[in-house]
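# Architecture and fold: a report
Here's the letter readout for the chains.
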Amino acid sequence: MQRRTFLQGLAAAAVAAPAATLLGQQEAVAAANYYVATTEQTKNKVLVFPKNKAFTDANVHWSFTPGGGAWANLSDVKIRATEAQGWIALVAASGGKAGIVDIGSEKHTEGNDLKWSATPGGNPHAIERVPGNGSVIVASSDGKLTLYAPTSVGNLGSLKQVQTVDYAGAHGVLWDPTFQLLWVIGKNRFSHYAVMGSGRNTRLKYAAHFSLGSGNLGHDLQPDYTNKHKMLMTATKGVYELLTDGGTFRSRKISSETKVKSYVKHSSGEVVSIRGDGTQPRDWANKTVRFSQSADRARSGAQFYKARIWTTAFE
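Residues numbered from 1 in each chain as written. Predicted model: local features only at pLDDT ≥ 70, side-chain atom pairs only at ≥ 80, totals over all residues. Heavy atoms only, no water.

A tally of helices and strands in the protein yields 2 helices and 25 strands. Within the protein, residue pairs in contact and separated by at least 24 positions form 48% of the contacts whose partners lie at least 6 positions apart. Accessible surface computed for the protein: about 12100 Å², of which carbon and sulfur atoms make up 47%. (Helix = DSSP H or I, 4+ residues; strand = E, 2+ residues; numbered from the N terminus. Contact = heavy atoms within 4.5 Å. Areas by Shrake-Rupley, 256 points an atom, 1.4 Å probe, with all protein chains shown as cover.)

Another aspect to go through is the pattern of salt bridges. Tallied over the full model, the rule gives 12 salt bridges. The salt bridge partner of D220 is R308, with a shortest N-O separation of 2.6 Å. Of this pair, D220 sits in strand β17 (residues 218-223) while R308 sits in strand β25 (residues 304-309), and the two are 88 residues apart along the sequence. It is possible to trace a salt-bridge network through shared partners that takes in D76, K78, D220 and R308. (Salt bridge = Lys/Arg side-chain N within 4 Å of Asp/Glu carboxyl O.)

Grouped together as the largest cluster of nonpolar side chains are 17 residues, with contacts concentrated most on W62, I79 and W310. Of all the elements, strand β5 (residues 86-93) adds the most residues to this core, at 4 residues. (Core = buried A, V, L, I, M, F, W, Y, C linked by side-chain atoms within 4.5 Å. Buried < 20%, exposed > 50% of the residue type's maximum accessible area, 1.4 Å probe, protein only.)

The strand order across the open sheet built from 5 strands is β7-β3-β2-β1-β25, with neighbouring strands paired in mixed fashion. At either margin of the open sheet sits one strand with a lone partner, and together these are β7 (108-110) and β25. For this sheet, the mean inter-axis angle between neighbouring strands, taken without regard to orientation, is 20°. Direction of pairing for strand β3 (residues 62-65) relative to β7: parallel, over a ladder of 3 bridges. Within β7, the position partnered with T65 by the bridge is E110. (Pairing = 2+ DSSP bridges. Axes fitted to C-alpha atoms, helices over the stretch in contact; angles between N-to-C directions.)

We now examine the pairing of strand β10 (residues 136-140). With 5 of 5 residues buried, β10 is to be regarded as a mostly interior element. On β10, burial covers both faces: V136, V138 and S140 on one face and I137 and A139 on the other are all buried. Pairing between strand β9 (residues 124-129) and β10: 5 bridges, direction antiparallel. The partner of I127 across the bridge, within β10, is V138. Where β9 hands over to β10, the hairpin turn is made up of 6 residues, of which G132 adopts a positive phi near 80°. In this sheet, strand β11 (residues 144-149) lies alongside β10 in antiparallel orientation, the contact comprising 5 bridges. When the sheet's bridge partners are listed, I137 is paired in β11 with L147. Where β10 folds back on β11, the antiparallel hairpin that results is connected by 3 residues, among which G143 adopts a positive phi of roughly 120°.

What follows concerns the side chain of N44. Mapped onto the fold, N44 is located in the loop between β1 (35-40) and β2 (45-50). On the basis of relative accessible area, N44 is assigned to the buried category, the value being 8%. A distance of 3.0 Å separates the side chain of N44 from the backbone nitrogen of N73, its partner in a polar contact. Among the polar contacts made by the side chain of N44, one reaches the main-chain amide nitrogen of L74 at a distance of 2.9 Å. (Polar contact = N/O pair within 3.5 Å; in protein donor to acceptor, adjacent residues only side chain to side chain.)

Below, the discussion takes up the confidence of the model for the protein. Overall, the prediction assigns the protein a mean pLDDT of 89, with 88% of residues at 70 or greater. Every residue in residues 1-31 scores below 50 in pLDDT, and together they form 56 contacts with partners more than four places removed in sequence or on other chains. (pLDDT = per-residue confidence, 0-100.)

If you want it as structure tokens, here you go:
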């Protein structure tokens with residue numbers, strides 16, 4: 001597909017409210033019809049599907065295929081809009097790599113569509129970008145956060161490692177635009193950091209830690225698009241809400257279900273989640289993406305690890 005044609009399609013579709021990005025104007029009115037971005041580890045692809053269609057090859061809206069090696073076992077994807085590059089996908093892989101994909105180039109992208117990549121190592125599980133600053137943070141489960149900063153906000157190719165921060169079991173990272181903080185979840189705790197400085201002088205500054213309880217490894221951290229003062233966390237012992245209203249940060253358990261690997265709530269109130277099915281070769285994955293208010297979506301032979309709602313910010 002030609003770049004101009006694909007970009008025109010994106011431009012026509014990206015006029016809706018944040019929770020319905022890439023939906024056309026008419027479709028965006030029906031908020032419950034949205035796109036879901038997944039990391040599928042059998043074929044090792046990021047696959048984006050319309051939520052209300054079967055998760056088949058014919059219905060793939062956008063994909064990224066990085067190959068194997070250090071790109072094995074894609075572990076995270078987040079879709080973001082930028083002023084300089086337009087739509088980008090932040091991707092991380094347990095094999096050791098992380099990167100940024102140019103979504104505007106074509107419908108089915110590959111390694112040559114990467115705008116930037118790095119090898120933080122240590123089993124990368126999550127990636128996030130700080131808007132207005134351009135820095136990128138990767139969480140690696142062996143116990144570290146790796147910060148990459150650009151020479152200028154819009155120059156993705158200039159991203160360079162500038163800091164590492166020890167963080168036991170680091171699994172999830174999420175930017176909170178309401179309080180301008182980076183949230184992290186890992187072994188027995190979740191935390192927030194301030195992002196200080198700009199350009200290559202950007203640094204993470206520790207702010208506060210909060211306990212999840214002993215023996216409770218945090219897995220994922222995602223938005224609740226019904227409330228800008230809530231985020232959603234999954235951990236060994238269940239699913240939790242992170243509450244930030246009034247500037248008082250606290251958590252509460254909302255489910256005791258175990259093995260939940262990703263959990264996010266759409267602005268309509270529908271929850272999208274994946275639970276590890278306990279079967280080999282990847283007992284942390286599942287062929288089914290679950291929807292709380294509509295039919296689940298299964299894909300034969302697939303092993304989904306993360307599911308994200310295609311959006312750019314809290315509503």
